[in-house]
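For reference, the chains in residue letters:
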Amino acid sequence: MPVVNGQGVADRQFRGGNGPLRHSAYGALDLGTNNCRLLIARPAAHGFRVIDAYSRIVRLGQGLSATGRLSEAAMARTIEALAVCAEKIRRRRVTRLRAVATEACRRAANCGEFIEHVRRATGIKLEIISNSEEASLALRGCAPLLSPKRPHALIFDIGGGSTEVNWIEVTPDETWPAQAVPRPIAWHSVPIGVVTLAEAYGGHDIAVRTYEKMVDEVTAALLPFEAEHDLAGPVGRNQVQMLGTSGTVTTLAGVHKRLARYSRTRVDGAHLDFNTISALSRRIAGMSYDARAEHPCIGPERADMVVAGCAILDAICRIWPVGRLRVADRGLREGILFNLMYERAAG
């Protein structure tokens, strides 16, 4: 399993390691609208070493926008995945765990009974976090991919039920100038994600006009953030780097690299220029549902949602034409792990 690089205080605490910290196992579980993801790791010399991982598309938020409730089928799928996570947590003897739930549980009227059901069935105690904490943790996890050479960064996370945008000031680290220290300036969350957009517009055969309507809806939701903070000025002066953390950008990177199967090591940290993103988005939107399902980097689990993700990404790129973005196959879980390890070391 790979070493994931940290930075800042947490990284300094673990350089060289000491005592039992190096042998402790930490767990981070992220239950989103679409995915259930788990990382288990131990501190390492330059961050942490992943010793186990799990990811499954559970579609917890399926139908939520219409009913306001989590469906029985969606909850059953999710609890089945969480049971697998619980077994991994036990087998790896995790000493500290944080399990968080995001947009679907924030919105669902029956989230309380679902969380209690999860606790009884698996022993996992889910914590519903706010949009702002979700964005903060994702920033913490992605920070090692930022460059100190540009003073601003726009970091976005396209989720199943929402999309978060972080506007960041970036400065070089005084101890390691090649690393960047991010300082959040503002963040924005819109209740539009790949699941909600696909449910509203369809996820099978998408007409060009329908795709543009999707882009327009996302654009309208994001423009107030631009109007308030004027990101276009620094973008025009070439002072902004862009970082994308979501299944959409990792999928597009895998398609662009023509991978026979998805590989995190080939995708995480890669760059995509906006012309490539535009061409890929239109190519994927123009594919039939069956063709998307058969593609090794899309597959049947994402075939009905990937076009919605492309539309969200397209809107972001049109509003803020940075020119290229860096792909992050990391985020919320890594941020949780860095925080857990730092809290342990500082305490």
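Enquirer: I tried to follow the nonpolar core on my own but got confused; where do I start?
Expert: One recurring pattern in soluble globular proteins is that nonpolar side chains are buried together. Counting 54 residues, the largest nonpolar core has Phe-156, Met-242, Ile-284, Leu-313, Trp-320 and Leu-325 as its most contacted members. Counting residues per element, this core draws most heavily on helix 15 (residues 306-319), at 11 residues. Counting 31 residues, the second largest nonpolar core, distinct from the first, contains Ala-81, Leu-82, Ala-86 and Cys-105.

Enquirer: Just checking my understanding: could you explain the sheet that holds strand 12 (residues 324-327) for this structure?
Expert: Backbone hydrogen bonds are what pair the strands of a sheet, in a parallel or an antiparallel way. Spatial strand order, 9-8-7-10-12-11: 6 strands in an open sheet with mixed pairing. In this open sheet, the two strands that pair with only one neighbour each are strand 9 (180-190) and strand 11 (271-273). For this sheet the average axis-to-axis angle between neighbouring strands, irrespective of direction, equals 25°. Sheet topology places strand 7 (residues 152-158) next to strand 10 (residues 240-244); 5 bridges connect them, and they run parallel. Each bridged residue has a counterpart across the sheet, and for Phe-156 the counterpart in strand 10 is Gly-244.

Enquirer: What am I meant to see in the confidence of the model for the protein chain here?
Expert: The predicted coordinates ought not to be read in detail in places where the model reports low pLDDT. Across the protein chain, the average pLDDT comes to 88, with 91% of residues at 70 or higher. Within the protein chain, the element-level pLDDT minimum falls on helix 1 (residues 8-14), averaging 35, and the maximum on helix 3 (residues 72-91), averaging 97. The low-confidence segment residues 1-20, where pLDDT is below 50, has 69 contacts with residues more than four positions distant or belonging to other chains.

Enquirer: Help me out: how do you make sense of unusual backbone geometry in this one?
Expert: With the exception of glycine, most residues fall at negative phi, and the peptide bonds are largely trans. Unusually for a residue other than glycine, Arg-59 sits at a positive phi of about 55°. By secondary structure assignment, the location of Arg-59 is in the loop between strand 4 (47-57) and helix 2 (64-67). Since its relative accessible area comes to 17%, Arg-59 is described here as buried. Of note, Asn-238 is a non-glycine position whose phi angle comes to about 60°, a positive value. Tracing the backbone through its elements, the reader meets Asn-238 in the loop between helix 9 (232-236) and strand 10.

Enquirer: Would you mind going over the pairing of strand 12 with me for this structure?
Expert: Two faces make up the sheet, and in a regular strand the side chains alternate between them. The two faces of strand 12 differ: Leu-325 and Val-327 on one face are buried, but Arg-324 and Arg-326 on the other face are not. One ladder, built from 2 bridges, connects strand 10 with strand 12; its direction is parallel. By the bridge assignment for strand 12, Leu-243 is matched with Arg-326. With 3 bridges joining them, strand 11 and strand 12 adopt antiparallel strand pairing. Following the sheet pairing, Asp-273 is matched in strand 12 by Arg-324.

Parameters at a glance
Residues numbered from 1 in each chain as written. Predicted model: local features only at pLDDT ≥ 70, side-chain atom pairs only at ≥ 80, totals over all residues. Heavy atoms only, no water. Core = buried A, V, L, I, M, F, W, Y, C linked by side-chain atoms within 4.5 Å. Buried < 20%, exposed > 50% of the residue type's maximum accessible area, 1.4 Å probe, protein only. Helix = DSSP H or I, 4+ residues; strand = E, 2+ residues; numbered from the N terminus. Pairing = 2+ DSSP bridges. Axes fitted to C-alpha atoms, helices over the stretch in contact; angles between N-to-C directions. pLDDT = per-residue confidence, 0-100. Contact = heavy atoms within 4.5 Å.

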